[in-house]
Amino acid sequence: MMHIFCPYCGELREEEEFHAKGQAHIERPIEPEACSDAEWGDYLFFRNNPRGIHHELWIHAVGCRKYFNITRHTVTYEILETYRMGEQPGITAETLAAEQLAQSAAASAASSTTQQTGDARP
Amino acid sequence: MTETRTPSRRTSSGGRINRETSLNFTFNGKRYQGLAGDTLASALMANGVDVLNASFKYARPRGLVAAGAEEPNAILQLGSTESGQVPNVRATQQALYDGLEAHAVSGWVKSQKDLMSRFLPQVGKLGGKFMPPGFYYKTFMAPASLWMTYEKYIRKAAGLGRSPLENDPDIYDHLHQHTDVLVIGSGPAGLLAALVAARSGARVILCDEQEELGGSLLSMSGDCLDQTLDGQPASEWRDAVLAELAACDDVLLLPRTTANGYHDHNFVTLHERRTEHQADIAPVNSRGARQARSRLHRVRAHRVIMATGAHERPLVYSHNDVPGNMIAGAVTTYLTRFGVAAGDKLVLSVNNDHAYRAALAWKAAGRDVVAIADARSAPSGALVEAARAAGIRIITGAAVIEARGDRRVTGARVAAIDIDGFKVTGEVEELVCDTIASSGGYSPVVHLAAHTGARPVWSDEVHGFLPALGAPMLKGFDACGAANGSFSLEDVLVAAYASGVAAVEACEYPVADTIVPAVSALVEAPMLPLYQVPHDKPTARAPKQFVDLQNDVTAAGIELATREGFESIEHVKRYTAMGFGTDQGKLGNVNGMAVAARCLGQTIPDTGTTVFRPNYTPVTFGAIVGRHCGALFDPMRYTAMQEWHVAQGAKFEDVGQWKRPWYYPQGSEDMHAAVERECLAVREKVGVLDASTLGKIDITGRDAREFLNRIYTNAWAKLAVGKARYGLMCHDDGMVMDDGVTTCLAEDHFLMTTTTGGAAAILEWMELWHQTEWPELDVQMTSVTDHWATLTVTGPEARALVGELTDIDLDRDNFKFMEVREGMIADIPGRIFRISFTGELSYELNVPANYGQYVWETLFAKGEKYGLTPYGTETMHVLRAEKGFIIVGQDTDGSMTPEDLGMQWCVGYNKPYSWIGKRALTRPDTRRDDRKQMIGLIPRRKKAGDERIVLQEGAQIVFDPDHAIPMPMVGHVTSSYYSPTLGHGFALAVVKGGSARIGETVFLPQADGSTLEAEITAPVFYDKKGARQNV
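Scoring rules and cut-offs
- Residues numbered from 1 in each chain as written.
- Chains lettered and ligands numbered in written order.
- Predicted model: local features only at pLDDT ≥ 70, side-chain atom pairs only at ≥ 80, totals over all residues.
- Heavy atoms only, no water.
- Buried < 20%, exposed > 50% of the residue type's maximum accessible area, 1.4 Å probe, protein only.
- Helix = DSSP H or I, 4+ residues; strand = E, 2+ residues; numbered from the N terminus.
- Polar contact = N/O pair within 3.5 Å; in protein donor to acceptor, adjacent residues only side chain to side chain.
- Contact = heavy atoms within 4.5 Å.
- Domains from an automatic or database assignment.
- Buried area = accessible area lost by both parts, 1.4 Å probe.
- Salt bridge = Lys/Arg side-chain N within 4 Å of Asp/Glu carboxyl O.
- Nonpolar A, V, L, I, M, F, W, Y, C, P; charged D, E, K, R; others polar.
- Core = buried A, V, L, I, M, F, W, Y, C linked by side-chain atoms within 4.5 Å.

Colleague: Summarise the pairing of strand β4 (residues 53-59) of chain A; cite the residues concerned and give the values.
Modeller: Summarising burial for β4 of chain A: seven of the seven residues are buried, a large majority. In β4 of chain A, alternate side chains face the same way, and those of Ile 53, His 55, Leu 57 and Ile 59 of chain A on one face and His 54, Glu 56 and Trp 58 of chain A on the other are all buried.

Shown next as structure tokens:
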């Protein structure tokens, strides 16, 4: 059971208080009648199913009743951030990949000078 | 099963048992005595009970192997009464109490014999080569049509124990805990880590699955050269630490508490058994209250420290399942902790120093150690030297390759072995003994660390799997001690101290001074990896070498699985059932992987890693359910008039969580008679329905009207103050999701009603659009469902009756259909809505909920002369269906557009804003002519009595009853009733292209082979012009 930080209440609360509402940042086309059937179908039915970073819409249903967004890892269930409606995620699959690339570059530079201890402790 | 009583195996002194207090218990109906402090297992062992069960598949006799949670055989049925029956109890984890009754689980063998004689008489005898892995699949899969028959027997055969047939009288609690540090396991690692955290001021929970806290410290003894801590014997150090922890305000000590599941974000479920060491049903306390039998602690911890220790691995040799074969550490524990020797003559087969403790303790108890077979060529540690000094024979470079005996070990075959060549190299020596203890090393108990998906990592140093610390699924999770591969006491304590400090720092407390206890020196030599012991015959032909005792999986079975192409350990497990059941691979997993790896010519990590899922040990359903049973299973919602309904003998129906009056039977009426009477009363006189459960949402704000325009399919721009309108709501895919009447109370104030079941979801739905797409709209919504009691007064006499209660002018021209008025109702300020769900003249009275029953009773006081009749939801359904009014969720299923329902009149095609669902109505799929459309059905009446035909709701409709099977199904019945007003049955249904087929005949094939016929009609059956509601 996840522990979710509500960005409006400013507290970590139990998952039971929240309802998941699917993929975040789905915008309803401003002029639906101007959409082709295919475009409208994409908006209605097509959703990402990533193995990794996912931006999700949640509501603090039995708390403040506010909708907000979660950046969650679908494999590890880590919640990397929560943010309010109208805000953009600070962490995306792209920023994370760039960060990991930089980290592995730094690590390979470091391992060439020092021997690794093999200690898996965080 | 009968046992010959053998002399007590109890030692003359030592152990943590109370020799003054004897306890009576029975096993398989026979009486025995044990001591306070015994587990059921140690008491059975002390009484010389060797055979505790017949094995799962081969029905071989089995006895105790282990002393803890990893015990695979001693799974017993407990309980002296029917309601107190508990299946799946490990005798090693059950404290003995006076009056305990236990039974072997032997139902399986009987069921299996039954299965065999029924379907495979030619097999003749059980087990042996007739039941290789995959036996069931291979034997019973054909013919496929018989699988359902086989399955019934196989399922029955696969059980371990049985559920009670009576209700459980016990109560179970759930507790929600928040803590800084949760320490799981109270051996030296857990105790020191908890001590560091507690001294630093952190809130600490320390739990352990055993009866007493202390873990491995409880079985430490000077007899086996065990070390001292700060110069004290282990038990004294333990006592001192526990006393200090117990004195801390913010430390919760939980013995008999198993951490069964590790879940996302450091959420851990602890199962605390509070009375199971006292009786099979919880005792009643001095105040006469039954105590909670167990507590499920739902712990959210900032840091979790897993100090769960290690499970010893047995060696895999032939006939290693005969009673008397045990793991070495268990032999030691039974001696040092419970004062019981497993037998008289011991042969030990080991690959490491630590296991020598069994021989030392055995010798100290005055028993005979026949020999120690050590797989290493030159063992040299301090324990080895102590054994040599005690005159114990050590056979180096050798192992027990086979046990002799049937219902008890009678001897051991020992031979020199070549591990790399996997063969026996020397002469086989026959030793006479009654007990064989083996040790193949130690597997860290990593189960919890794997529950969130972090795969354990193989360590070539430890020769076992370690928790994947640092994995993202293990944030805030640490492990120390043997659970993390530290086996020497010094290493354990240093690691535990570091874990404690790390936890304290993560919780931002200053770290208090604590010194790692000094440990007396003990030199241990490294182990030599050995899993399956070679036999002088090849594995496939050697006597059975068991890998998983609980599931009867042998080394030969795993070899067969790999030969048949199952190369992943996950496939091998499923094919052989290794690690299934309550065992979850505790004893056999690594050995099984080693066998598979050997057969495949690869390393253990190449063969795969291992996955564990909650729960670590079985948890009773009672503990999971807690108090959420009986009346507390689900919240129940009642209207303000509930008392009256109950007093009138109403039958209730569940609508969501609401209890709604279904019908009000009079005398001996059944539902049909009551509903017919209620229907006629409404059509002819006047009835009243408690409609309080309808969802009510109060909507205010400057843009409330615009908001409704966007959410509803129809137009709201011109709805005047004081007027009401029916509205239909769609998802953006154009499918109907809810309906209801919304009233304009003021320019910026509306009251929306929703379906009873949809109220909460609709509020969330509207908030979604407001908060995510249209935050610029000035609109506020709040649920007022519970604030108002609603009385629907309906029927020709409604005006006269309501007129007696209210000062509101009910004149037909002053208060028209679809209007609202505010005023006094039975002297209570309220609102009256002139809306109708029955087709009759109707007034919906709304009064504050607290006055609901008062107004209801006042109405009845005035209503007698009008023939006022209360009616329930069933009558409501008949009346509305006669008028063709849909119920969303009954007549719709999320695939119906307003047009499919024939409700074009309720679609604002020209509204300026493209409302939710509009665009979808022009998609090609929603424009198809052959969509299922709402129509009416009237069963064809061919003979007298056919007017009573009521089509079954959900019945499938076909156009051609003579079509070959499978017939194309073209629709189904959604609502169907007998109408006393019409004098015959009728139904609402959906049929492909139905609205163009009015007057045609359709067919409804019945389960009994007959076929009913019905005529398609318009879906309005009564007062088609709607004159009656407008009078």
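Colleague: Tell me about the side chain of Gln 550 of chain B, and name the residues and values.
Modeller: All names here are of chain B. Take Gln 550: it is sitting in the loop between β28 (546-548) and β29 (553-554). The exposure class assigned to Gln 550 is buried, which follows from its relative accessible area of 6%. Polar contacts involving the side chain of Gln 550 include one to the main-chain carbonyl oxygen of Pro 72, which spans 3.3 Å. Residues in contact with Gln 550, not counting those within four places in the same chain, are Phe 56, Pro 72, Ile 75, Phe 580, Gly 581, Thr 582 and Asp 583.

Colleague: Summarise the environment of Leu 96 of chain B; cite the residues concerned and give the values.
Modeller: Residues and elements named next belong to chain B. As for its placement among the helices and strands, Leu 96 is situated in the loop between β6 (86-90) and β7 (100-103). In sequence terms Leu 96 and Phe 25 are 71 residues apart; their C-alpha atoms lie 7.9 Å from each other. In this structure, Leu 96 is in contact with Leu 23, Phe 25, Gly 34, Leu 35, Asp 38, Thr 39, Leu 40, Ala 43 and His 277, ignoring residues within four places of it in sequence.

Colleague: So, the domain arrangement of chain B: which residues are in play, and what are the values?
Modeller: Residue and element names in this part refer to chain B. One can read the domain layout of chain B as domain 1 (18-105), domain 2 (109-158), domain 3 (175-310 + 445-506), domain 4 (314-440), domain 5 (537-612) and domain 6 (882-1023). A C-alpha centroid distance of 26 Å is found between domain 1 and domain 3. In this complex, domain 1 contributes twelve residues to the contact, which on the side of domain 3 involves nine residues. Looking at the side of domain 1 facing domain 3, the largest losses of area belong to Gln 93, Ala 95 and Tyr 97, adding up to 51% of the total buried there. If you look at where domain 1 meets domain 3, you find zero salt bridges. At the surface where domain 1 touches domain 3, the tally comes to four residue pairs in polar contact (both at pLDDT 80 or more). Here the residues of the side of domain 1 that touches domain 3 are counted per class, giving five nonpolar, seven polar and no charged.

Colleague: How would you explain the nonpolar core if you had to name every residue and give the values?
Modeller: Residues and elements named next belong to chain B. By size, the foremost hydrophobic cluster in this structure holds 66 residues, and its most contacted members are Phe 27, Leu 40, Tyr 334 and Ile 372. For Leu 40, the residues in contact, after removing those within four places along its chain, are Phe 25, Leu 76, Leu 78, Ala 91, Gln 94, Ala 95, Leu 96, Leu 100 and Ala 102. Formed by 37 residues, the second largest nonpolar core is a distinct cluster that contains Ala 194, Ala 202, Leu 242 and Ala 496.

Colleague: Go over the environment of Ala 390 of chain B with me, naming the residues and quoting the values.
Modeller: The residue Ala 390 of chain B is located in the loop between α9 (382-389) and β18 (394-396) in this model. Between the C-alpha atom of Ala 390 of chain B and that of His 731 of chain B, which follows or precedes it by 341 residues, the distance is 83 Å.

Colleague: Pulling in residues and values, what's your account of the interface of chain B and chain A?
Modeller: In this assembly, 41 residues from chain B lie in contact with 34 residues from chain A. Carbon and sulfur atoms supply 48% of the area that chain B and chain A bury against each other, a total of about 3,100 Å² over both sides. Sorting the residues of chain B by area buried against chain A places His 265, Glu 764 and Arg 919 of chain B first, and these three jointly supply 23% of that buried surface. The salt bridge involving Glu 14 of chain A is made with Arg 300 of chain B; its shortest N-O contact spans 2.5 Å. Listing elements by their share of the side of chain B that touches chain A, those giving two or more residues are β13 (292-306), β27 (477-479), α11 (489-506), α20 (759-773) and β37 (780-783) of chain B.

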